[in-house]
Amino acid sequence: MPTARFDLPARPDEVAPARHRVLHQLHAWEPEFDEETAADVELVVSELLTNAVVHAGGTRIGVSLSLSERAGRRRLRVEVSDRGSAPLARRPPASPDQEGGRGLALVEALSSRCGSTRNGHGKDCWAELALPGCPGRWPRR
């Protein structure tokens, strides 16, 4: 199962470069990666990273990617770790006039599973996305 991990500063201007880094990694694993699925991955990564920046409570954020295949179904797991003490991610209802508050609803809609857990130094927010547009096999390591 291929995996990748990197850290970045907990700053808003780091979200776009991290998003590009994730997409670059996916294309390295699968050069013919489906662009529609890539757009979903990009949005999920952006939302998870932005939430971590807002609630990080520290100076660094960790990003982990892992690919898996079970029963012929491929999945990408994106996990974002921060040192924040904010409550675990939850999706409160957003009012029609509210500017924010829809990010986790988007993550839920685009993911087959998602959630958050406490770890020894903060929390991990994660999402798993089905990858239907990937025709080849990933390199085994």
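Here, the structure is the one placed above.
Residues numbered from 1 in each chain as written. Predicted model: local features only at pLDDT ≥ 70, side-chain atom pairs only at ≥ 80, totals over all residues. Heavy atoms only, no water.

Focus on the environment of Gly-58
No. 1: For Gly-58, the location among the structural elements is in the loop between helix 2 (35–55) and strand 2 (60–70).
No. 2: A residue is classified by how much of its surface remains accessible, and Gly-58, at 32% relative accessible area, is partly exposed.
No. 3: For Gly-58 and Arg-83, which are 25 residues apart along the polypeptide, the C-alpha to C-alpha distance reads 5.5 Å. (Helix = DSSP H or I, 4+ residues; strand = E, 2+ residues; numbered from the N terminus. Buried < 20%, exposed > 50% of the residue type's maximum accessible area, 1.4 Å probe, protein only.)

Digging into the pattern of salt bridges
Two side chains carrying opposite charge are able to pair once their charged atoms lie near each other.
No. 1: Throughout the structure, instances matching the rule amount to 10 salt bridges.
No. 2: In this structure, Arg-77 and Glu-128 form a salt bridge, with 3.0 Å as the shortest nitrogen-oxygen distance. Of the two residues, Arg-77 is situated in strand 3 (residues 73–82) and Glu-128 in strand 5 (residues 123–130); the sequence distance between them amounts to 51 residues.
No. 3: Classification of Glu-128 as buried rests on a relative accessible area of 11%.
No. 4: Here Lys-123 ties to Asp-82 by a salt bridge, and the two come within 3.1 Å at their closest N and O atoms. Here Asp-82 lies in strand 3 and Lys-123 lies in strand 5, a separation of 41 residues in the sequence.
No. 5: Judged by its relative accessible area of 4%, Lys-123 falls in the buried class.
No. 6: The class for Asp-82 is buried, based on a relative accessible area of 3%.
No. 7: Beyond isolated ion pairs, a larger network of salt bridges with shared partners links Arg-77, Glu-79, Arg-113 and Glu-128. (Salt bridge = Lys/Arg side-chain N within 4 Å of Asp/Glu carboxyl O.)

Overview of the sheet that holds strand 5
No. 1: With antiparallel pairing, the 5 strands of this open sheet are ordered in space as 1-2-3-5-4. Across the chains shown, the open sheet's two edge strands, defined by having one partner strand only, are strand 1 (3–9) and strand 4 (113–118). Taking each pair of neighbouring strands and ignoring which way they run, the sheet shows an average axis angle of 15°.
No. 2: Docked against the sheet, helix 2 engages strand 1, strand 2, strand 3 and strand 5, running at close to 170° with respect to strand 5. (Pairing = 2+ DSSP bridges. Axes fitted to C-alpha atoms, helices over the stretch in contact; angles between N-to-C directions. Contact = heavy atoms within 4.5 Å.)

Focus on the nonpolar core
No. 1: Ranked by size, the top nonpolar core spans 32 residues in total, and within it Leu-26, Val-41, Leu-49 and Ile-61 carry the most contacts.
No. 2: Where this core is concerned, the elements lending two or more residues are strand 1, helix 1 (15–29), helix 2, strand 2, strand 3 and strand 5.
No. 3: Considering every element that reaches this core, the biggest residue donor is helix 2, with 8 residues. (Core = buried A, V, L, I, M, F, W, Y, C linked by side-chain atoms within 4.5 Å.)

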